[in-house]
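# A closer look at the structure
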Amino acid sequence: MIKVLVVDDEVSISSAIAYALQREGFTVETAGDGMEALEKVAAFKPDVMVLDVMMPKMNGYEVCRKLEAGNKPAIMLLTVKNDIVDKVLGLELGADDYMTKPFDIREVVARVKALHRRRQIEAPEQDPDKEGKLELGGIAIDLLSRTVRIDGEICDLTPKEFDLLALLAKHPDRVYSREALLEQVWEMDFAGGTRTVDIHVQRLRKKLGEWQGLIQTVYGIGYKSTRTNG
């Protein structure tokens, strides 16, 4: 599940945000100050953190400074300040987004979803070799000629099936939500209908035959590729 840490010294605010996110299917934990936030990041390992700036013990800016690059979730800062200098400071310290209080809870939820999708899209990818080729198990993908061979035999894929396989193969073990796949492969948003993704995955798996286990379902979220079959 997608994990979100909500950090705010006002319990009424953190509870309201947590409740709204949980209703959308997120796994949520809360923290009441910056010190607790750092402890929760280490233990809970959230994908996204909603972080208040003005807090006791350690403010949100200091939390951003102390987070290690390899252990940093996507961060959305919350503050009562509306000065451009404060916004720039937050972004320079590694925040990904910024909201000013008071805010609409629905917008917070929408931005958390957008931050998670953006992180998926920006994930480091498997570099194709200099001839533009990728390998996933017994599947050889030629990005230049847009062809796929399974154990040396050509596999006939539709353009969207090829794009879907290539994207997943570039990011092995990276979980993509159905919404993110719609954005990347079909260039459409959630309104396009996530059933499209499920149907194409089913067809792709059928064509991959004995290697279909390389495309795995992550229940409640979406799909990923894996280097291990099955």
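Our structure's up above, just so we're on the same page.
These lines cover the structure that appears in this document, whether it is placed above or below.

Cut-offs applied
Residues numbered from 1 in each chain as written. Predicted model: local features only at pLDDT ≥ 70, side-chain atom pairs only at ≥ 80, totals over all residues. Heavy atoms only, no water. Salt bridge = Lys/Arg side-chain N within 4 Å of Asp/Glu carboxyl O. Helix = DSSP H or I, 4+ residues; strand = E, 2+ residues; numbered from the N terminus. Buried < 20%, exposed > 50% of the residue type's maximum accessible area, 1.4 Å probe, protein only. Phe/Tyr/Trp six-rings, centres within 6.5 Å; stacked < 30°, edge-to-face > 60°. Lys NZ or Arg CZ within 6 Å of the ring centre and 35° of its normal. Core = buried A, V, L, I, M, F, W, Y, C linked by side-chain atoms within 4.5 Å. Contact = heavy atoms within 4.5 Å. Pairing = 2+ DSSP bridges. Axes fitted to C-alpha atoms, helices over the stretch in contact; angles between N-to-C directions. Parallel < 35°, antiparallel > 145°, perpendicular 65-115°, else oblique. Nonpolar A, V, L, I, M, F, W, Y, C, P; charged D, E, K, R; others polar.

Moving on to the pattern of salt bridges. Overall, the coordinates contain 15 salt bridges when judged by the stated rule. Taking the shortest distance from any N to any O, the salt bridge between Lys40 and Glu29 comes out at 3.8 Å. You can see Lys40 sitting in helix H2 (residues 34-44) and its partner Glu29 sitting in strand S2 (residues 27-31), a full eleven residues away along the chain. Using a relative accessible area of 31% as the deciding quantity, one classes Glu29 as partly exposed. With its nearest N and O atoms 3.6 Å apart, the salt bridge here joins Glu36 to Lys40. In this pair, Glu36 and Lys40 are both assigned in helix H2, four residues apart and thus about one turn of the helix distant. Among the residues examined, Glu36 registers a relative accessible area of 29% and is labelled partly exposed. If you follow the salt bridges from partner to partner, you end up with Asp8, Glu10, Asp52 and Lys101 in one network.

Moving on: the packing of aromatic side chains. Tallied over the full model, the rule gives zero aromatic pairs. Sitting over the ring of Phe44, Lys3 keeps its end group 5.2 Å from the ring centre.

On to unusual backbone geometry. Omega for the bond connecting Lys101 with Pro102 falls within 30 degrees of zero, at -5°, which places this linkage in the cis form. Inspection of the secondary structure puts Pro102 in the loop between strand S5 (97-100) and helix H5 (105-121). One non-glycine residue, Asp151, lies in the positive phi region at around 50°. Among the structural elements, Asp151 can be located in the loop between strand S8 (147-150) and strand S9 (153-155). Although it is not a glycine, Asp173 adopts a positive phi angle of roughly 70°. Structurally, Asp173 can be placed in the loop between helix H6 (159-170) and strand S10 (176-177). Of the residues examined, Asp173 reaches a relative accessible area of 43% and is grouped as partly exposed.

Now for the nonpolar core. Counting residues in hydrophobic clusters, the biggest one holds 29 residues, and the most contacted among them are Ile139, Ile141, Val148, Leu165 and Leu181. Taken together, the elements giving at least two residues each to this core come down to strand S6 (133-136), strand S7 (139-142), S8, H6, helix H7 (178-186) and helix H8 (195-208). Looking at this core element by element, the count peaks at seven residues for H6. Look past the residues within four positions of Leu181 in its chain and what remains in contact with it is Leu164, Leu167, Leu168, Tyr176, Trp186, Val197 and Tyr223. Residues Val4, Val6, Ile13 and Leu115 belong to the second largest nonpolar core, which totals 22 residues.

Turning next to the sheet that holds strand S12 (residues 222-225). Strand order across the open sheet formed by three strands is S10-S12-S11, with antiparallel pairing between neighbours. Each edge of the sheet is formed by a strand with only one pairing partner; in this case those strands are S10 and strand S11 (215-218). Of the strand pairs in this sheet, S10 and S12 are connected by two bridges, and their pairing is antiparallel. Residue pairing across strands places Tyr176 opposite Tyr223, the latter belonging to S12. Sitting on the sheet, H6 is in contact with S10, S11 and S12, with an inclination near 65° to S12.

Taken N-terminus to C-terminus, the directions of H7 and H8 make an angle of 80°; their axes are 9 Å apart at the nearest point. Considering the angle they form, H7 stands roughly perpendicular to H8. Contacts between H7 and H8 involve Arg178, Leu181, Leu182 and Trp186 from the first element and Thr196, Val197, Asp198 and His200 from the second. Classifying every residue of the contact of H7 with H8 by side-chain character gives four nonpolar, two polar and two charged.

That is the geometry; function is a separate question.
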